[in-house]
Amino acid sequence: MAGSSLAMRSMMQLSSRRSITTAPILRARQLRSVQSRVARRGYADAAPSPAPKPKKRFRVLRWAWRLTWMTSLGLAGVLAYSIYDLRHPVDQIEPDPSKKTLVVLGTGWGSVSLLKKLDTENYNVIVVSPRNYFLFTPLLPSCTTGLIEHRSIMEPVRNILRQKKANVKFYEAEATKIDYERRVVLINDDSEVKGDISSTEVPFDMLVIGVGAENATFGIKGVREHSCFLKEVDDAQEIRKRIMDCVETAMFKDQTEDEIKRLLHMVVVGGGPTGVEFAGELQDFFNEDLKKWIPEIKDNFHVTLVEALPNVLPMFSKQLIDYTESTFKEEEITIRTKTMVKNVTDKFIEAEVTNPDGSKTLETIPYGLLVWATGNAVRPVVRDLMNQIPAQKNSRRGLAVNEYLVVNGTENIWAVGDCAITNYAPTAQVASQEGAFLARLFNTMAKTQTIEAKLQNLSDEQSVAKSEEERNQVLDEIRERQKQLRRVKQIGPFQYSHQGSLAYIGKERAVADISWLSGNIASGGTLTYLFWRSAYLSMCFSTRNRVLVAVDWIKARLFGRDVSRE
């Protein structure tokens, strides 16, 4: 009995341990059984609700982000390829002595636009200019205050010419005389480094004159001696130095109050886009940088814009003129319209002011800086050519040209830009379109000559054809070439297409008069300023210029303009 009871206790203990071990397993089985029964009764009622679908607006944002990312990658690829292409020019075709020699004078808007679109393999092209770069002049006022570095708006001419299919010769020299009878251009090397030959002749079969114009002083005494101009890079650098010279001299110890006011009075003569943009840039320079780092000048620094006409920006609409004048008033820039400069000294200008009643008074305006931004005058080389050609005897402002930009009285000389007299204003936009037109014209002329030479050869082949079938084949090709010749010759006279006018007026505002369809869109303000920046950035000649200008804008936004003299 004792043995049996001991066996029973052992069996009970073993059963207890087994129940403890199997209890979680039984509970899991029971739970699964319950879940299966519930599922059988109605799965739809017991199943958990599905995860909510992402909202539509988030899907749109995700796709917008993907599109932005892909667009950025594409633009980066295009930028990288354009930089690589610019840095790795291909080999060029050497000049062919049998082809005509085309000489281009100048590297301004008209000449560079011509060179950019010209098929140089059709001619032996020679470029002559005293500067070996193209200057993006619309942004030149920004260089005077240090907003943009001057090299950012300069494109080396050799970068342009090296990208052409055929080799183009460039001579950094000034054209001193055009001998029309002998068909040669006399050029002179004005660089500081002289070689054995500093003057020579360049013969031409075809000549394009794009030398631009000089600053017009209208015979006013003292203008050339005492004022700064705004046409070239050297002018912008001189203005920059003069601004800081005036400021630092005004801060000199024991300077009188009247002399401080004179030194800090900046006068701009000319109410066109150049004068208005420079006045706006100068006032921005003062508001954003000068008075921050040199607070002593804030009560005496002043900008005055002088214009002989009744209002500034005469090429813009009345609405935009009023907006510009109100913005200048808000910026405390003084506009003196109906004020004609009569004399300039080293410290003041004498101006004739037309009063509201029509009377005129002579007024003295003291200044520290005088910027002359008005008028064009004929260059000596152009005036000398005008004297050689009888048909130009009545011309005063430049070379008179016909509807194909051929200089009147000549057969093989064309003129573009400010040195040519057309029915359009002497602007960069006009010069650029004139250069592009001449490129199309010259390309057409080359194709025409090629087709005519081929027709002459076919005519000779037809005359010696041995069979009627051979003769008919040649005649069919002649007819085809004649059709091609008629298509090629269908180029009309030059017609200017006005794309609009832009001007920066300061305080991150601009005005725009843009041609759109059959009318114009006139706008002004901060959004127009953003459009002004994007338009000028896209108009820069190369990717290199666009990147440099954009970097300069960002740098100025982050660190401000430099207030050092150099």
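Residues numbered from 1 in each chain as written. Predicted model: local features only at pLDDT ≥ 70, side-chain atom pairs only at ≥ 80, totals over all residues. Heavy atoms only, no water.

So, on to the overall build of the protein chain. Helix and strand content of the protein chain: 15 helices and 25 strands. Going through the 566 residues of the protein chain one by one, you find that 41% of them count as buried. Within the protein chain, contacts between residues at least 6 apart in sequence are counted, and of these 65% link residues at least 24 apart. With the model as given, the accessible surface of the protein chain reaches about 32,300 Å², and the carbon-plus-sulfur share is 54%. (Helix = DSSP H or I, 4+ residues; strand = E, 2+ residues; numbered from the N terminus. Buried < 20%, exposed > 50% of the residue type's maximum accessible area, 1.4 Å probe, protein only. Contact = heavy atoms within 4.5 Å. Areas by Shrake-Rupley, 256 points an atom, 1.4 Å probe, with all protein chains shown as cover.)

A separate point is the state of the cysteines. Enumeration according to the criterion identifies zero disulfides in this entry. Unpaired in this structure, Cys246 has its nearest cysteine sulfur neighbour in Cys228, at a distance of 8.7 Å. Accessibility expressed as a relative area gives 3% for Cys246, which makes it buried. (Disulfide = S-S within 2.5 Å.)

Further remarks concern the sheet that holds strand 11 (residues 228–229). Strands sit in the order 11-18-12-13-14 across an open sheet of five strands; the sheet is parallel. With partners counted over all chains shown, the strands left at the sheet margins are strand 11 and strand 14 (334–336), one partner each. The pairing of strand 12 (residues 265–269) with strand 13 (residues 302–306) spans five bridges and is parallel. What sits directly across from His265, in strand 13, is His302. Sitting on the sheet, helix 7 (residues 233–250) touches strand 11, strand 12 and strand 18 (369–372), and the angle it makes with strand 18 is about 160°. Those strands touched by helix 9 (residues 273–293) are strand 12, strand 13 and strand 18, and its axis lies near 175° from that of strand 13. (Pairing = 2+ DSSP bridges. Axes fitted to C-alpha atoms, helices over the stretch in contact; angles between N-to-C directions.)

To characterise two packed helices, one gives the angle between the axes of the helices and the distance between these axes. Viewed as axis vectors pointing N to C, helix 7 and helix 9 meet at an angle of 45°, and their least axial separation amounts to 13 Å. Taken together, the axes of helix 7 and helix 9 are oblique relative to one another. You can see that helix 7 and helix 9 cross each other, and the crossing is right-handed. Contacts between helix 7 and helix 9 pair Ile239, Arg240, Ile243 and Met244 from the former with Phe278, Leu282, Phe285 and Leu290 from the latter. Its residues assigned to classes, the contact of helix 7 with helix 9 shows seven nonpolar, no polar and one charged. (Parallel < 35°, antiparallel > 145°, perpendicular 65-115°, else oblique. Left-handed = near helix turned anticlockwise from the far one by under 90°. Nonpolar A, V, L, I, M, F, W, Y, C, P; charged D, E, K, R; others polar.)

Let us look at the sheet that holds strand 1 (residues 101–105). Sheet architecture is open: five strands sit in the order 5-2-1-9-21, paired in parallel fashion. The strands lining the two open edges of the sheet, one partner per strand, are strand 5 (169–172) and strand 21 (413–415). Each adjacent strand pair in this sheet contributes to an overall mean axis angle of 15°, direction not counted. Relative to strand 5, strand 2 (residues 124–129) is paired through four bridges, and the arrangement is parallel. Paired with Ser129 across the two strands is Glu172, which belongs to strand 5. With respect to the sheet, helix 12 (residues 428–463) is in contact with strand 1, strand 9 (206–209) and strand 21, its orientation differing from that of strand 9 by roughly 175°.

This part takes up the nonpolar core. Counting residues in hydrophobic clusters, the biggest one holds 68 residues, and the most contacted among them are Leu139, Ile153, Phe301 and Leu369. Top element by residues in this core is helix 7. It accounts for eight residues. Formed by 55 residues, the second largest nonpolar core is a distinct cluster that contains Val104, Val127, Val168 and Val378. (Core = buried A, V, L, I, M, F, W, Y, C linked by side-chain atoms within 4.5 Å.)

Now for the confidence of the model for the protein chain. When pLDDT is averaged along the protein chain, the result is 87; 88% of the residues meet or exceed 70. Confidence drops under pLDDT 50 across residues 18–22; counting only partners more than four residues distant or on other chains, this segment forms zero contacts. (pLDDT = per-residue confidence, 0-100.)

This brings us to the pairing of strand 9. Neither face of strand 9 is left uncovered, since the one carrying Met206 and Val208 and the one carrying Leu207 and Ile209 both have all their residues buried. Where strand 9 lies against strand 21, three bridges are found, and the strand directions are parallel. Of the residues in strand 21, the one forming a bridge with Val208 is Trp414.

Now for the environment of Val378. Mapped onto the secondary structure, Val378 falls in the loop between strand 19 (376–377) and helix 11 (380–388). Distance from Val378 to Asn215, taken between C-alpha atoms, is 8.7 Å for residues 163 residues apart in sequence. Aside from chain neighbours lying at most four places away, what touches Val378 is Glu214, Arg383, Met386, Arg396, Arg397 and Gly398.

Attention now goes to the packing of helix 14 (residues 526–539) against helix 15 (residues 543–559). Two elements in contact, helix 14 and helix 15, have axes separated by 8 Å at closest approach and are oriented at 150°. For the pair helix 14 and helix 15, the sense of crossing is right-handed. Judged by residue contacts, Arg533, Leu537 and Ser538 of helix 14 engage Arg546, Val549, Ala550 and Trp553 from helix 15. Per-class residue counts for the contact of helix 14 with helix 15 are four nonpolar, one polar and two charged.

Right, let's talk about the side chain of Thr345 for a bit. Structurally, Thr345 is set in the loop between strand 15 (339–344) and strand 16 (348–354). The buried category is assigned to Thr345, whose relative accessible area is 19%. In terms of polar contacts, Thr345 uses its side chain to reach the backbone carbonyl oxygen of Phe348, at 2.9 Å. Residues within four places of Thr345 in sequence aside, it is in contact with His226 and Tyr367. (Polar contact = N/O pair within 3.5 Å; in protein donor to acceptor, adjacent residues only side chain to side chain.)

With that settled, the discussion passes to the pattern of salt bridges. Counted according to the given criterion, the structure contains 16 salt bridges. A salt bridge links Arg544 to Glu155; the nearest nitrogen and oxygen atoms lie 3.5 Å apart. Of this pair, Arg544 sits in helix 15 while Glu155 sits in strand 4 (residues 154–156), placing them 389 residues apart in sequence. On the basis of relative accessibility, which here comes to 30%, the residue Arg544 falls in the partly exposed class. In this structure, Asp289 and Arg561 form a salt bridge, with 2.9 Å as the shortest nitrogen-oxygen distance. Here Arg561 lies in the segment after helix 15 and Asp289 lies in helix 9, a separation of 272 residues in the sequence. Where salt bridges share partners, they join Asp179, Arg182 and Glu201 into one cluster. (Salt bridge = Lys/Arg side-chain N within 4 Å of Asp/Glu carboxyl O.)

Turning our eyes to something else, we now look at a nonpolar patch on the surface. A surface patch of nonpolar side chains, about 290 Å² in accessible area, is lined by Leu79, Ile83, Val547 and Val551. Broken down by secondary-structure element, the contributors of at least two residues to the nonpolar patch are helix 2 (56–87) and helix 15. Position of Val547 relative to the elements: it lies in helix 15. For Val547, a relative accessible area of 35% translates into the label partly exposed. (Patch = residues over 30% accessible without salt bridge, like charges linked within 9 Å, V, L, I, M, F, W, Y side chains within 5 Å.)

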